[in-house]
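Breakdown of the fold
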Amino acid sequence: MPDNYSFGIEPVSCHAFNKDRTQVALSLNDSEVQIHKFAAGKWALTDTLAEHGQRVTGIDWAPNSNRIVTCGADRNAYVWTKQSDNKWKPTLVVLRINRAATSVRWSPQENKFAVSSGARMIAICYFEQENDWWISKQIKKPIRSTVTCLDWHPNNVLLACGSTDFKARVYSAYIKDVEEKPSATSWGSKMPFGNLMAEFSSGGGWVHSISFSANGERLAWVGHDSSVCVVDAANGQQLTTVKTDVLPFMSITWVTDNSLVAAGFDCCPMLYTYSSGNINFVSKLDDTAKQQVAGKVSAMARFKAMDSRAATDDSASETSLGTVHQNTITQLSIHSGTKSKCTKFATSGVDGQLVVWDVKSLESAFAGLRIA
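Quick summary incoming for the structure in this document.

What counts and how
Chains are numbered independently. Their residues run from 1 in the order of the written sequence. pLDDT decides what is reported in this predicted model: residues at 70 or higher carry local features, side-chain atom pairs at 80 or more are listed and counted, and totals for whole chains, interfaces and linings draw on all residues regardless. Water and hydrogen atoms were dropped before computing side-chain values, which therefore reflect all heavy atoms in the structure. Numbering goes from the N terminus for both helices and strands, where a helix is a DSSP run of H or I of at least four residues and a strand is a run of E of at least two. The buried label goes to any residue with under 20% of its type's maximum accessible area, the exposed label to any with over 50%, and the partly exposed label to all in between, with areas taken from a 1.4 Å probe on protein chains only. Contact between two residues is taken to exist if any of their heavy atoms lie within 4.5 Å; hydrogens are not considered. Think of a nonpolar core as a cluster: buried Ala, Val, Leu, Ile, Met, Phe, Trp, Tyr and Cys residues, connected wherever their side-chain atoms sit within 4.5 Å. In protein, a polar contact means a hydrogen-donor-capable atom and an acceptor-capable atom, both N or O and within 3.5 Å, with residues adjacent in sequence counting only if both atoms are side-chain atoms; elsewhere, any N or O pair within 3.5 Å suffices. At least two bridges found by DSSP between two strands is the condition for calling them paired. Here an axis means a line fitted to C-alpha atoms, over the contact stretch when the element is a helix, while the angle between two N-to-C directions is reported on a 0 to 180 degree scale. To pair, rings of Phe, Tyr and Trp, with the six-membered ring standing in for Trp, must have centres within 6.5 Å; the planes then decide the type, stacked if under 30 degrees apart, edge-to-face if over 60, and tilted in the middle. We call a charge positioned over a ring when the NZ of a Lys or the CZ of an Arg lies within 6 Å of the ring centre and within 35 degrees of the ring normal.

Below, the discussion takes up the overall build of the protein chain. The number of helices and strands found in the protein chain is four helices and 28 strands. Structurally, the protein chain occupies a C-alpha span of about 65 × 55 × 35 Å along its principal axes. Residues classed as buried in the protein chain amount to 51% of the 372 residues present. Taking the intrachain contacts of the protein chain between residues at least 6 apart in sequence as the baseline, contacts between residues at least 24 apart amount to 49%.

This is the structure we're talking about:
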């Protein structure tokens, strides 16, 4: 069984772990960011970051510099730095956007970060030493609608984004003030700031989540038309799209060089593999049965609940899903390991739960399952 932790009845809109996974920053669908520390088998609230004026839409925690970046519907982003007195100090970022920020991601070297927004642009933010503040440069063309998701290439320069104009794009986010000139990749060799390296159509759905593979050669994304798409840059940027027969996915990540985990409105993580230009469904990764869920409740409590709703035994069992998550999964993240060899991954969702899934336990729970 995976380890599941409840944070109440409010949705967990976004989360991010620190380097050693002993702390998590999350937002419960409001303007605050809560810092929880793991001790004695449970998460305990240690700090609350309250600077945003509206709902927090994105959080990322830089593992090496230990800085947290947040963005929100108030069109602002803040970089939070822990002081010597263990208090988190916010620094406002000059985003220059006139619509809500939707997501944020630190670059692999943690010297810049990207913020997507409803203003049809992406802000690439970096620290200017002269004025001691975070400033931004903007990528605008040819984005025609809200940018919903981001992911960095491991070379720290290329940035993938998905948007509600049904497109997935790869841009150069090269900032000459903070980094060396990049070398050529399978996505292209000319990388001035804002250069569109590649553009792909996802069919007929908003792009909800996008993910580079560990080596940056492959790019995967999911759309609201229940599609899973993968582009292989090393193979002539070959695009493979599969329309699944499940509800749309909200998040996707690579867990090995050839395996992907996606999750969304079906409340259950699902494993896919990519090989030889084909995307194949492998298995659902949640074997929690309805009987197991019901078995956690005492017989007396169950009959009282049935009586209060004037429900029969059959209708009472239909009120709980046969999955750990009882509502939409909104975010997937790597908990332990890397995108090339993930040992644990975490999911959070609208049901207010944060669930940690162990890859080895999943392999032993499903006969013949091999995540490689």
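This paragraph deals with the nonpolar core. Most often, soluble globular proteins keep nonpolar side chains buried together rather than apart. Residues Val 170, Trp 187, Ile 210, Leu 219 and Trp 221 are the most contacted members of the largest nonpolar core, which totals 20 residues. When residues of this core are traced back to their parent elements, those giving at least two are strand S15 (158–163), strand S16 (167–172), strand S17 (196–201), strand S18 (207–212), strand S19 (218–223) and strand S20 (227–232).

We now examine the side chain of Thr 244. Mapped onto the fold, Thr 244 is located in the loop between strand S21 (238–243) and strand S22 (249–254). A distance of 2.6 Å separates the side chain of Thr 244 from the backbone oxygen of Ser 226, its partner in a polar contact.

Strands belonging to one sheet form pairs held by backbone hydrogen bonds; the direction of such a pair is parallel or antiparallel. With respect to topology, four strands assemble into an open sheet ordered S1-S28-S27-S26, the strand pairing being antiparallel. At either end of the open sheet lies a strand with only one pairing partner, and these are strand S1 (3–6) and strand S26 (329–337). Averaged over all pairs of adjacent strands, the angle between strand axes in this sheet comes to 20 degrees, irrespective of strand direction. The pairing of S26 with strand S27 (residues 342–349) spans seven bridges and is antiparallel. Paired with Gln 331 across the bridge in S27 is Ser 348.

On to the packing of aromatic side chains, then. As enumerated under the stated definition, the model contains 15 aromatic pairs in all. Consider the rings of Trp 106 and Phe 113, whose centres lie 5.2 Å apart with planes at 70 degrees: the pair is edge-to-face. Pair check on accessibility: Trp 106 and Phe 113 agree, each one buried. Members of the aromatic cluster, joined through ring pairs, are Tyr 5, Phe 17, Phe 38 and Trp 43. When the ring centre of Phe 193 is taken as reference, the NZ or CZ atom of Lys 137 above it lies at 4.6 Å.

Now for the environment of Ala 123. For Ala 123, the location among the structural elements is in strand S12 (residues 122–128). Spatially, the C-alpha atom of Ala 123 lies 35 Å from that of Asp 358, the residues being 235 residues apart in sequence.

Glancing now at the sheet that holds S16. Taken in spatial order, the four strands line up as S14-S15-S16-S17 in an open sheet, and their pairing is antiparallel. With one partner strand each, in any of the chains shown, strand S14 (147–152) and S17 form the two edges of the open sheet. The average undirected angle you get between the axes of adjacent strands in this sheet is 20 degrees.

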